[in-house]
Amino acid sequence: CRCPFRRQRPEKCGDDLFQGLGHWRDMRRFQELARKRRHIMFYSEGGASWVHLGPLIRQLVAEHDFPLCYLSSEPDDPGLDYVGRHGASFVIGKGAVRNVLFKSFPAGLLVMTMPDIETFHIKRSVNAVHYVYVHHSLISTHMVYLPQAFDNFETIFCVGPHHVDEIRAREQQYGLPAKQLFEHGYGRLDSILARASAPNQAEDQTHDRPLRVLLAPSWGPHGLLETQGVVLAGILLRAGLHLTVRPHPQTGFLSPRVISELRGLYGEHAAFELEQDITSEDSLFASDIMISDWSGAAMEFAFGLERPVLFINVPRKMRNPDYQALGIEPLEARVRHEIGDVLSVDKLEEAPERIRKLTENRQEMRARIRASCRHWVYNLGQSGARGAAELASIARNIAHLT
């Protein structure tokens, strides 16, 4: 097989070549689309982006008369079908087609959840594109992300006041142009809150069942699951707790040995579950408490369900070693004692007792978490409507200027 995919199996080579041709065709279809049919363009990395873009798009369809355009890197992205019924959708893959298209994106408004534009191979367009970034996590902007992650967007949809403070501080420190910062909120949290308030989601108050623990950490060489997951799982199961382990997808990709070891040791245990489908929220709603490290999912769980988190104090996850120069403690560090408790790695045997203490006084814990959520997140329950109205306003201004 003498083609760019020759190192792969012949059948895989054919599949990739066929998909690549499809991506080129979709790019051409998009480029030939009349401007009046693409006033607001969305780029999605895949299904995981839809939970953040979907609330905005559904509100745009329901409340605003703007033709929408949706481009995704994954063919099974649910946004493709939804927007396809109300506008135009295209699959552009993650390779050369995407790179070429980003460099030549037509003028207009482009909304995305992918940071680091202009930092690596994904570049800004040579045309007049207004880039809007929608956050896909509640965490701060300056520790886990690369330093320039948000520098090249015109507008940032901020989850809460921490994002505003961090971005303005970076602009001032480095003399960067001021961006438009919109007080947006967090669509995924709103979805969890809406489901939690549904009549059929009443909390299980059965006292004779074991406490249900969700272990859902971040990923990386110093991550909780990678370094302590097997040991911690054994401690929790021996203490009579029900344990669901929900690995980050990157853990399964980069550290499959950990997943295999957990499955091999505890896969037959009646109180153990391994959940690798992170699109499902069932385990969140079924759990009394989460154990995490530096994952933004911990705040989603606590704020959405008003249930506590036990943080295991593994080394901080950071991609910006100079984050302290900003002089702002990241939200994922300062919120820990507001929504739960912190346990040292060398005291893992204390985890069952800490869990029981955190779940004993549910009303007091709920009040603490609710107060924290209201302080750190804008427009609770309304982020989709507020964000859609802002996108419509930006689109009208762009149309007026051109």
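Quick note: structure is the one above.
As the structure is a prediction and not an experimental result, all values here were calculated from the model.

*Asks:* Help me out: how do you make sense of helix H14 (residues 351-360) in this one?
*Replies:* Three or four residues apart is the spacing at which side chains of an α-helix point the same way, because the helix has 3.6 residues per turn. Ala351, Pro352, Ile355, Leu358 and Thr359 are the residues of H14 that are buried. Taken down its axis, H14 places every buried residue within 125° of arc, on the same side. In H14, the exposed residues that point more than 90 degrees away from the buried face are Lys357 and Glu360. Buried residues along H14 sit in contact with strand S8 (212-215), helix H7 (224-238), strand S11 (289-292), strand S12 (309-312), strand S13 (340-343) and helix H15 (362-376).

*Asks:* Please clarify how the packing of aromatic side chains should be interpreted in this entry.
*Replies:* In this description, a pair of aromatic rings is defined by centroid distance and the angle of the planes. Counted under the stated rule, the structure contains eleven aromatic pairs. With centroids separated by 5.1 Å and ring planes inclined at 90°, the aromatic side chains of tyrosine 43 and phenylalanine 102 adopt a geometry described as edge-to-face. One end of the pair, tyrosine 43, is in strand S1 (residues 40-44); the other, phenylalanine 102, is in helix H4 (residues 96-103), with 59 residues separating them in the sequence. Through a chain of ring-to-ring contacts, the aromatic side chains of Phe30, Tyr43, Phe90, Phe102 and Phe105 assemble into a single cluster.

*Asks:* Can you help me understand the sheet that holds strand S5 (residues 129-134) in this one?
*Replies:* By way of backbone hydrogen bonds, the strands of a sheet pair with one another, either parallel or antiparallel. Spatial ordering of the open sheet is given by S3-S2-S1-S4-S5-S6-S7, a layout of seven strands whose pairing is parallel. Every other strand in the sheet has two partners, leaving strand S3 (88-91) and strand S7 (180-183) as the edge strands with one partner each. Averaged over all adjacent pairs, the angle separating strand axes in this sheet is 20°, with direction ignored. Here S1 pairs with strand S4 (residues 108-112) via four bridges, running parallel. When the sheet's bridge partners are listed, tyrosine 43 is paired in S4 with methionine 112.

*Asks:* Please clarify how the environment of tyrosine 266 should be interpreted in this entry.
*Replies:* Within the secondary structure, tyrosine 266 sits in helix H9 (residues 256-266). We classify tyrosine 266 as buried; its relative accessible area is 14%. Sequence separation between tyrosine 266 and leucine 237 is 29 residues; the distance between their C-alpha atoms is 8.9 Å. Those residues in contact with tyrosine 266, other than ones at most four positions away along the chain, are Val230, Ala233, Gly234, Leu237 and Phe272. In terms of polar contacts, tyrosine 266 uses its side chain to reach the backbone carbonyl oxygen of valine 230, at 3.0 Å. In terms of polar contacts, tyrosine 266 uses its side chain to reach the backbone amide nitrogen of glycine 234, at 3.4 Å.

*Asks:* Would you mind going over the side chain of serine 295 with me for this structure?
*Replies:* With respect to the helices and strands, the residue serine 295 is situated in the loop between S11 and helix H11 (297-305). When sequence neighbours within four positions are dropped, the list of residues in contact with serine 295 reads Ala216, Pro217 and Ser218.

*Asks:* Teacher, can you tell me more about the packing of H7 against H9 here?
*Replies:* How two helices sit against one another is set out by the angle between their axes and by the gap between those axes. Interaxial distance between H7 and H9 falls to 10 Å at its minimum, and their mutual angle equals 15°. As the angle between them shows, H7 and H9 are arranged roughly parallel. Between H7 and H9 the crossing geometry is right-handed. Side by side, H7 and H9 meet where Leu225, Glu226, Gly229, Val230, Ala233, Gly234 and Leu237 of the first sit next to Val258, Ile259, Glu261, Leu262, Leu265 and Tyr266 of the second. Partitioned by chemical class, the residues of the contact of H7 with H9 number nine nonpolar, two polar and two charged.

*Asks:* Where do I start with the sheet that holds strand S10 (residues 272-274) in this structure?
*Replies:* Strand order in the open sheet formed by six strands is S10-S9-S8-S11-S12-S13, and the pairing between neighbours is parallel. If you trace the sheet from one side to the other, it starts and ends with S10 and S13, each paired once. Within this sheet the neighbouring strands show an average axis-to-axis angle of 20°, counted without direction. The pairing of S8 with S11 spans three bridges and is parallel. In the sheet register, leucine 215 faces S11, and the bridge partner there is isoleucine 291. Sheet contacts for H14: S8, S11, S12 and S13; angle to S13, the most-contacted strand, approximately 165°.

Definitions and cut-offs
- Residues numbered from 1 in each chain as written.
- Predicted model: local features only at pLDDT ≥ 70, side-chain atom pairs only at ≥ 80, totals over all residues.
- Heavy atoms only, no water.
- Buried < 20%, exposed > 50% of the residue type's maximum accessible area, 1.4 Å probe, protein only.
- Helix = DSSP H or I, 4+ residues; strand = E, 2+ residues; numbered from the N terminus.
- Arc of directions from axis to C-beta.
- Contact = heavy atoms within 4.5 Å.
- Phe/Tyr/Trp six-rings, centres within 6.5 Å; stacked < 30°, edge-to-face > 60°.
- Pairing = 2+ DSSP bridges.
- Axes fitted to C-alpha atoms, helices over the stretch in contact; angles between N-to-C directions.
- Polar contact = N/O pair within 3.5 Å; in protein donor to acceptor, adjacent residues only side chain to side chain.
- Parallel < 35°, antiparallel > 145°, perpendicular 65-115°, else oblique.
- Left-handed = near helix turned anticlockwise from the far one by under 90°.
- Nonpolar A, V, L, I, M, F, W, Y, C, P; charged D, E, K, R; others polar.

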